[in-house]
Each structure stands twice: as C-alpha cells, then as structure tokens.
Amino acid sequence: MTARLLDGRAVGATVRAGLAETIAAYTENGHRPPGLAVVQVGGDPASSVYVANKRKACAKLGIESFSHDLKDTVSQAELDALVDELNEDPRIDGILVQLPLPEHLSADSIINRIDPDKDVDGFHPTNIGRLAIRQPGLRPCTPFGVMRLLEETGRDLHGMEAVVVGASNIVGRPMALELLLAGATVTVCHRFTEDLAAHVRRADLVVAAAGKPGLVRGEWIKGGAIVIDVGIHRRDDGTLHGDVDFDAAAERAGFITPVPGGVGPMTIAMLMHNTVTSWRRRLGLD
Ligand SMILES: NC(=O)C1=CN([C@@H]2O[C@H](COP(=O)(O)OP(=O)(O)OC[C@H]3O[C@@H](n4cnc5c(N)ncnc54)[C@H](OP(=O)(O)O)[C@@H]3O)[C@@H](O)[C@H]2O)C=CC1
Ligand SMILES: Nc1nc(=O)c2c([nH]1)NC[C@@H]1CN(c3ccc(C(=O)N[C@@H](CCC(=O)O)C(=O)O)cc3)C=[N+]21
Ligand SMILES: [Mg+2]
C-alpha cells in the first residue's frame, strides 16, 4: 500500500479532547453542561449501535444526553409534540432525530420543525441554505468531519478537482457545498451520471457516498489522489466495508480513509462539536 491513512479515530479523539476542555472550563465556572436530545423511533439494530455510541461519546465529554426511544407506531403528531417540547427545553442545546424514520412519518416535516439553532445535524433548510450562501451556521456532521480530516492532508483545496459520488440531502449535497466553500472545483455524480469512471479518473479528491459497496474501483483512482470513503455496509460476516474498493485504491491514492475508522468517528466528533457550538451560543459564552 502506498497511500497514507487518514485516521478518523485519532483525529476524532483530538477534536473531542478539545471539546472536553472547553466544557470543563465553563462548567467549573458554574455554567450548566451542554445537553443533547437523541430521538430514536423503533429499534433498528444498526441505528441502536450508532445511538449508543453517541451516548457514550457524550458522557465522556461532559455532555448531558437525553434519550427518547419511541415505538415505531408513534404518530406524526406525537413526534411533532416531542420536537416542540425539546425546542422549548432550556437544558437542551441539540436535537437529533435518528434517520431513517418509519414509512408513515415524514423526515422532512420533522427536520423543518427543529429549531435551526438546535439542529446539530445541520439538516434544517436554514442551515443548508446558510452553507450554500457562504454563511455557515450549524454544518452537517459528516461533510464537516470530512473537511476536518482533509486538513490532515496539508493539501490546499483551492482549485482542486473534487468529485462527490452521491447527492443525498445529508451527505453528498452538503459535501459539495463544503468543498465549493473551500475553493475546490466540484462535480457531483449521482444515479443518472453517465460515466462515473471518467469523472473519478480526473479527480484529485474523491468523496464516495453512494451507499453502494465497492462502487468506486481502485483502477479509477488518479495517482496521489485523496480518497474519502463515507459508505458503510455490514456484510453477513459482520465486517464493515465502504463504497471504495479499498485495497486497489490504496495502491494508487496519496491519502485514503479506512472503513471502519475513517469518516464514521468524525461524524460523531462533529456532532459533539455542533452541540458545544450551540451551547456556547445559547449561553452567550465566548
Ligand atoms: N460514515 C458516516 O458517518 C455516514 C455514512 N453513511 C453511509 O454513506 C452512504 C450514503 O448515505 P446516504 O447519503 O444517506 O445515502 P442515500 O441512499 O440517501 O444517497 C445515496 C446517493 O448516491 C447516489 N447513487 C446511488 N447509486 C449510485 C451510483 N451507482 N452511481 C452514482 N451515484 C449513485 C444516489 O443518487 P440519486 O440521488 O440519484 O438517488 C444518492 O444521491 C451509505 O452507505 C450510508 O450508510 C451515511 C451517513 C453518515
Ligand atoms: N439524524 C441522523 N444523523 C446522523 O448523523 C445519522 C443518522 N441520522 N442516521 C444514520 C447515519 C449513519 N451515521 C453514522 C455515524 C457514525 C458511524 C460510525 O461511527 N462508524 C464507525 C463504525 C461503527 C461500527 O462498528 O458499527 C466507523 O466507521 O468506524 C456510522 C454511521 C450517522 N447517521
Ligand atoms: Mg439515507
């Protein structure tokens, strides 16, 4: 392997250590701790693991977490009422509603209902819009975490040819906006893209976020390129894999993220970061 690994566990730990210091400094002065509400509907096992990881990360940092585990039969009106209550609750700085939601519930309407100042996922139209017009507020955690990992490369993103594979509201689109804000020349590929290989081959930076295991082939990677793999798939044997054919890509790339241990831990670190940012703003600290 010739690529250098971008270690999301290590960088995420550095981010969290900084946040723990900030939290300790203010709470020792008598301020209340930051509070994060995590709402989970139904008991999807993959989601439960992720939610449990978030709780652990909160506890370690001194963030108070408030868990709301709802039955998958909960109505839209009940979920709306819970969000209204959390919006008003002065102990709570961040609200996260774990996605996807069951079919009978509308994710869009719940996201739109969250107070944008407590939207630590950064999914509310206000926060996406702010990122789009270069006035970022709370930034979507996964793309924000990728930007933090890219700092580790020491490379200048200005003018870089960046290709984002995937255009979802929560990953691909905000990723493209972050890279544009950072000065890259950005191409976004999606289901209707005709020649994915041709786009990836000319990329200095590839962010793979299609949710298709092995979609991005190693032989497409330009020599020395940065390869960021957001995809997460669990195989039947329990092992995790990304959207990139890792072994072949690592022979050509300059930098690459592993799965697990790359983008995933950064997403959690940036969720904590956003919660602390919201807390500081709400308490008027700085
Ligand atoms: N590491 C982390 O922290 C996180 C990881 N994930 C993982 O990232 C992946 C993507 O998640 P998410 O964005 O929610 O997924 P979605 O399914 O919502 O979006 C996938 C996107 O990829 C596009 N796409 C699908 N197939 C292809 C293809 N063959 N070629 C090009 N584009 C394609 C889709 O296109 P179209 O829009 O046309 O349908 C869509 O825009 C998943 O594996 C998920 O588990 C997600 C969140 C956080
Ligand atoms: N409202 C909302 N916000 C989200 O941010 C959100 C969501 N819903 N729904 C699901 C996706 C997925 N996601 C992950 C975050 C971290 C890891 C993570 O830490 N992964 C570890 C591995 C964890 C393991 O071993 O399973 C890693 O990649 O190393 C994975 C997935 C956030 N999401
Ligand atoms: Mg999705």
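Residues numbered from 1 in each chain as written. Chains lettered and ligands numbered in written order. Predicted model: local features only at pLDDT ≥ 70, side-chain atom pairs only at ≥ 80, totals over all residues. Heavy atoms only, no water.

- Under an unreviewed UniProt entry, the protein chain has the name Bifunctional protein FolD and belongs to Guyparkeria halophila.
- Its UniProt record, at the heading Subunit (unreviewed entry), says of the protein chain: "Homodimer."
- As stated in UniProt under Function (unreviewed entry), the record for the protein chain gives "Catalyzes the oxidation of 5,10-methylenetetrahydrofolate to 5,10-methenyltetrahydrofolate and then the hydrolysis of 5,10-methenyltetrahydrofolate to 10-formyltetrahydrofolate." (UniProt positions renumbered as here; feature names shortened; annotations may be inferred.)

## Remarks on the sheet that holds strand β3 (residues 64-70)
So, step 1. Read from one edge to the other, the open sheet built from three strands follows the order β3-β2-β4, with strand pairing classed as parallel. Every interior strand has two partners, whereas the edge strands, β3 and β4 (94-97), have only one. Taken over all neighbouring pairs, the strand axes of this sheet differ in orientation by 15 degrees on average, direction set aside.
So, step 2. Helix α3 (residues 76-88) contacts β2 (35-41), β3 and β4 of the sheet and is inclined by roughly 175 degrees relative to β2. (Pairing = 2+ DSSP bridges. Helix = DSSP H or I, 4+ residues; strand = E, 2+ residues; numbered from the N terminus. Axes fitted to C-alpha atoms, helices over the stretch in contact; angles between N-to-C directions. Contact = heavy atoms within 4.5 Å.)

## Looking at the nonpolar core
The nonpolar side chains of soluble globular proteins are, as a tendency, buried together.
So, step 1. Formed by 48 residues in total, the largest nonpolar core has its most connected members in Leu150, Leu179, Leu205, Ile228 and Met272.
So, step 2. Top element by residues in this core is helix α10 (residues 263-283). It accounts for nine residues.
So, step 3. Here this core gathers at least three residues from each of two domains, domain 1 (31-127) and domain 2 (141-264).
So, step 4. Every residue in contact with leucine 205, bar those within four places of it in the chain, is listed here: Leu150, Leu157, Met160, Glu161, Ala162, Val163, Leu179, Ile226 and Ile228. (Core = buried A, V, L, I, M, F, W, Y, C linked by side-chain atoms within 4.5 Å. Buried < 20%, exposed > 50% of the residue type's maximum accessible area, 1.4 Å probe, protein only. Domains from an automatic or database assignment.)

## Let's talk about the packing of helix α6 (residues 141-151) against α10
So, step 1. Across the interface, α6 lies against α10 with an axial gap of 8 Å and an inter-helix angle of 105 degrees. Overall, the two elements α6 and α10 adopt an arrangement that is roughly perpendicular. Only Val263, Met266, Thr267, Met270, Leu271, His273 and Asn274 of α10 make contact with α6, whose side of the interface consists of Cys141, Thr142, Phe144, Gly145, Val146, Arg148 and Leu149.
So, step 2. Across the contact of α6 with α10, the residue classes tally to eight nonpolar, five polar and one charged. (Parallel < 35°, antiparallel > 145°, perpendicular 65-115°, else oblique. Nonpolar A, V, L, I, M, F, W, Y, C, P; charged D, E, K, R; others polar.)

## A few points about the packing of helix α1 (residues 8-28) against α10
So, step 1. Where α1 meets α10, the axes come as close as 8 Å, and the angle between the chain directions of the two elements is 20 degrees. As far as their axial angle goes, α10 and α1 are roughly parallel. At the point where α1 passes α10, the crossing takes the left-handed sense. On α10, the residues that touch Gly8, Arg9, Val11, Gly12, Val15, Arg16, Leu19, Thr22, Ile23, Tyr26 and Thr27 of α1 are Pro265, Met266, Ala269, Met270, Met272, His273, Val276, Trp279 and Arg280.
So, step 2. Tallied by class, residues from the contact of α1 with α10 come to 12 nonpolar, five polar and three charged. (Left-handed = near helix turned anticlockwise from the far one by under 90°.)

## Structural notes on the packing of aromatic side chains
So, step 1. Considering all chains together, one arrives at one aromatic pair under this definition.
So, step 2. Judged by centre distance (5.8 Å) and plane angle (75 degrees), the ring pair of tyrosine 26 and tryptophan 279 falls under edge-to-face. Of this pair, tyrosine 26 sits in helix α1 while tryptophan 279 is found in helix α10, placing the two residues 253 residues apart along the sequence.
So, step 3. Take tyrosine 26: its relative accessible area is 18%, and that puts it in the buried class.
So, step 4. What makes tryptophan 279 buried here is its relative accessible area of 0%. (Phe/Tyr/Trp six-rings, centres within 6.5 Å; stacked < 30°, edge-to-face > 60°.)

## A short note on the site of ligand 2
So, step 1. Not every one of the 16 residues close to ligand 2 is listed here, only the nearest: Tyr50, Leu99, Asp121, Arg234 and Gly261.
So, step 2. The protein chains hide 76% of the 670 Å² of surface that ligand 2 would expose on its own.
So, step 3. Per-element tally for the shell around ligand 2: the top contributor is α10, with four residues.
So, step 4. Among the residues making up the shell around ligand 2, the classes are represented as 10 nonpolar, four polar and two charged.
So, step 5. Of the domains in this structure, domain 1 (31-127) and domain 2 (141-264) are the two that each give at least three residues to the shell around ligand 2. (Near = heavy atom within 4 Å. Areas by Shrake-Rupley, 256 points an atom, 1.4 Å probe, with all protein chains shown as cover.)

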